[in-house]
Amino acid sequence: MIILQSLQDLWYGFSVALTPHNLMWSFFGVLVGNLIGVLPGMGALSAIAMLLPLTYTMHPVPAILMLAGIFYGSQYGGAIGAILLNLPSHPPHAVTCLDGYPMTRAGKGGTALGITMIASFFAASFGIIVMIFASPLLVQIAFKFGPTEIFSIMLLGLLAGSTMARGSPLKGIAMTTFGLVLGVVGTDVNSGVARFTLGFPELTDRLELVALAMGLFGVADFLKSVNRMHFIGTETKVRLRDMRPTKAELKQSFMPMVRGTLVGTIFGAMPGTGPTITTFIAYALERKIAKNPERFGKGALEGVAAPEASSHSKTQVDFIPTMSLGIPGDAVMALLLGALLIQGIQPGPQLISQHADLFWGLIASFWVGNILLVILNVPMIGIWVKLLQVPYKYLFPSALFFIAVGVYSTNNSLFEVGEVLVFGVVGAVLMYFDFPVATILLGYVLGPLVEENFRRALLLSRGDLLVFFERPISATFMIACILLIGGQLFFALRAHLKHRRAGLLGPLPAVHETATDQ
Amino acid sequence: MKRFKDLHKDVWGGAMMSVLGIVVAVQGATYSIGTLSRMGPGYFPVALGVILFLSGVAIGIKGYLTTPESHEKPPPPEWKAWFLISLSVIAFVVLAEYLGLVPATFAVVFISALGDRDNTWKKALLLSLAIVVVAVVVFWWALQIQLPLFRWGR
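In this text the structure is predicted, and so the values were computed from the model without any measurement.

Scoring rules and cut-offs
- Residues numbered from 1 in each chain as written.
- Chains lettered and ligands numbered in written order.
- Predicted model: local features only at pLDDT ≥ 70, side-chain atom pairs only at ≥ 80, totals over all residues.
- Helix = DSSP H or I, 4+ residues; strand = E, 2+ residues; numbered from the N terminus.
- Rg over C-alpha atoms; globule rule 2.2 N^0.38 Å.
- Buried ≥ 20, exposed ≤ 12 C-beta atoms within 10 Å, placed from the backbone.
- Contact = placed C-beta atoms within 7 Å.
- Domains from an automatic or database assignment.
- Expected span 1.5 Å × (residues − 1).
- Axes fitted to C-alpha atoms, helices over the stretch in contact; angles between N-to-C directions.
- Parallel < 35°, antiparallel > 145°, perpendicular 65-115°, else oblique.
- Left-handed = near helix turned anticlockwise from the far one by under 90°.
- Nonpolar A, V, L, I, M, F, W, Y, C, P; charged D, E, K, R; others polar.
- Core = buried A, V, L, I, M, F, W, Y, C linked by C-beta atoms within 7 Å.

The next subject is the overall build of chain B. Along the backbone of chain B there are 5 helices and 0 strands. The linear arrangement of helices and strands in chain B, starting from the amino end, is α-α-α-α-α. Its C-alpha atoms give chain B a radius of gyration of 24 Å, more than 25% over the compact-globule value 15 Å for 154 residues. In terms of principal-axis extent, the alpha carbons of chain B reach across some 55 × 55 × 25 Å. For chain B, the proportion of its 154 residues judged to be buried stands at 39%. Long-range contacts, defined as pairs at least 24 residues apart, comprise 61% of the intrachain contacts of chain B with a sequence gap of at least 6.

This is how it looks when you write it as structure tokens:
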């Protein structure tokens, strides 16, 4: 019954997504996302943040279709840089470099790109199907959610987001908390008290999401990379017919593709797990089950197919908790959630029934957008390769202008351009101390919701903290939180003991971390 | 006691977080805290400040116990570039306020471009003129940004 209903809704979704107006914005988003994703040092986060101001005057449906298009468009773009130039313009693609670049050097770059495209499309399709059928089920549960449950699941999301990131879990927690503090800035909705405004009247209105994101992921990154990022331009030429893989290559990459997709699906369903960890695990899994693992790192096709598939299925599945519970899985989702809130749409169980056109239109547009991407990438690949060679010395000054003007146009406020600089410097300092800055955004977006639901839950329970363990759904999330912390402690302790004994080598080669790393 | 420069940089990172936590908690405490069943506007910030402080302490202690890997030398600081990038954004804010979009655009690109050692002032000039054209055509003419091209004073 529910399946039939979903298919019917999907049909409706296609009718929304295929209206010329929506299709146009979807196409625009995919194109721009792809373009920005290809540029060195720019990932989905900076792409979405830069174009977010453009959506303010738009209708919510095309706005969100465009932003989603930017998201998966930039993922495609990121893979191109990783494979052809060994440049992980976006951290999740760092593992793709390991085998993709050796393939390019062996003259098989075209094949690697072709397989990436096929794997991405396959994984995205699978993720979309999961989304179609899982969302209505999740919504049925979500309707039973009160403030108690919402707080517990958000706590779980925040904990997972901060501890499952790459790097130190403690630092992740510190950054999430810092993000929550930034979310507090402004007027308290319950009492009207202005908090942490430092005397600036502009701050009574909360910090600006775009300014925060552009500071942390744009300016901070420029401060970090200036004069340190140098590219070795390669004379890679990729022709159309190089991209078509042979039958044997297709067969070789099919199972890794399926496994990568499943890894991505599982991680997408878990709130808070970042995209980087997903691709690393998909890669590690392939290497573990391979018959001759020594091929990896020297141009193994599996090492390209599996991580790329996992990142794309994760992207799609990530939308489920974001849209149906209002809980973003990672920083990019947090930004998209912020975009929805700006449009006056409260994500949550009501979203699917109240904004059916938006939800099903979005799902249908995923497919449309992914097909557009494949069509777009085949003839445009030559241009992307050219773009990849834009020197950093021209790129970052131009990007600074786009950031400044983009942030200004958000609210016609120059004060917010100043905010960008402050967060740029703060982000650069934090990155110097190896803090994962992406989780700040997660905390910032969820902050007000966490506080509101925490206060309401305890108001209802008359100050009894045990209420979070008394209600069954909430208790499940709380137990998951405890297991998460317990597991982290266990692994940390075990690693510590192992370290003492002797072994030092980690399972994966070290990869340069950048700002948007999770 | 370890020597000053032998300390892992996490000690400083942790200390930074702890201080920040204290500041947040102290400032938060100036708003009314309330009780658990009726939380005031200060309750949540104070709680966050305490968590931040504790995590900072934990990071610091953990950093103190690990010996830093000394073999990897950090790249030299880029004071000039950092200064110019920061200055370029400030210049944008000030010039947009008093002189308009064109001078502000020129300044942000030109000043920040000089931060890269490979850019000569000639290259920076060309780049910023190109971006000024983009600013006028795309943002002022097509997107109708609410900033005059030129203005004098406020």
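Interface size is commonly expressed as the accessible surface area that is lost when the partners come together. Domain boundaries assigned for chain B yield domain 1 (4–65) and domain 2 (79–142). The distance between the C-alpha centroids of domain 1 of chain B and domain 2 of chain B comes to 38 Å.

Attention now goes to helix α8 (residues 169–184) of chain A. Residue and element names in this part refer to chain A. A rise of 1.5 Å per residue sets the reference length of α8, with its 16 residues, at 22 Å; its end C-alpha atoms lie 23 Å apart and thus fit the reference within 8%. In terms of burial, α8 is a largely internal element, 16 of the 16 residues being buried. At the exit of α8 stands Gly186, carrying a positive phi of roughly 125°.

Residues and elements named next belong to chain A. Packing of helix α16 (residues 392–411) against helix α17 (residues 414–432) brings their axes to within 8 Å, and their N-to-C directions diverge by 135°. For the element pair α16 / α17, the angle class is oblique. Of the two possible hands of crossing, α16 and α17 adopt the one that is right-handed. Residues Ile403, Ala404, Val407, Tyr408, Thr410 and Asn411 of α16 form the contact with α17, whose own contacting residues are Leu414, Glu416, Val417 and Val420. Residue composition of the contact of α16 with α17, by class: 7 nonpolar, 2 polar and 1 charged.

Residue and element names in this part refer to chain A. The terminal C-alpha atoms of helix α13 (residues 331–342) lie 16 Å apart, and with 12 residues this matches the ideal 16 Å at 1.5 Å per residue to within 8%. Here α13 lies mainly inside the structure; 10 of its 12 residues are buried. Listed in full, the buried residues belonging to α13 are Ala331, Val332, Met333, Ala334, Leu335, Leu336, Leu337, Gly338, Ala339 and Leu340. Residues of α13 that are buried make contact with α3 (44–51), α4 (60–85), α9 (209–225), α12 (302–325) and α18 (438–460). After α13 finishes, the residue Gly344 shows a positive phi value of roughly 80°.

Glancing now at the interface of chain A and chain B. Across the boundary between the two partners, chain A contributes 46 residues, which contact 53 residues of chain B. When contributions to the side of chain A that touches chain B are tallied by element, the ones reaching two or more residues are α8, α9, α16, α17 and α18 of chain A. Considering each element in turn, the side of chain A that touches chain B owes the most residues, 11 residues, to α16(A). Its residues placed into classes, the side of chain A that touches chain B shows 29 nonpolar, 9 polar and 8 charged.

The next subject is unusual backbone geometry. All names here are of chain A. Despite not being glycine, Phe196 has its phi angle at roughly 50°, a positive value. At Asp434, a residue that is not glycine, the phi angle is positive and equals roughly 60°. Position of Asp434 among the secondary structure elements: in the loop between α17 and α18.

Let us look at the nonpolar core. Counting residues in hydrophobic clusters, the biggest one holds 208 residues, and the most contacted among them are A:Ile48, A:Ala213, A:Leu335, A:Ala404, A:Leu441 and B:Val108. Top contributing element to this core by residue count: α4(A), with 17 residues. Taken domain by domain, this core gets at least three of its residues from each of domain 1 (4–65) and domain 2 (79–142) of chain B. Those residues in contact with A:Leu441 that sit more than four places away from it in its chain are A:Gly179, A:Leu212, A:Ala213, A:Leu216, A:Ala331, A:Ala334 and A:Leu335.

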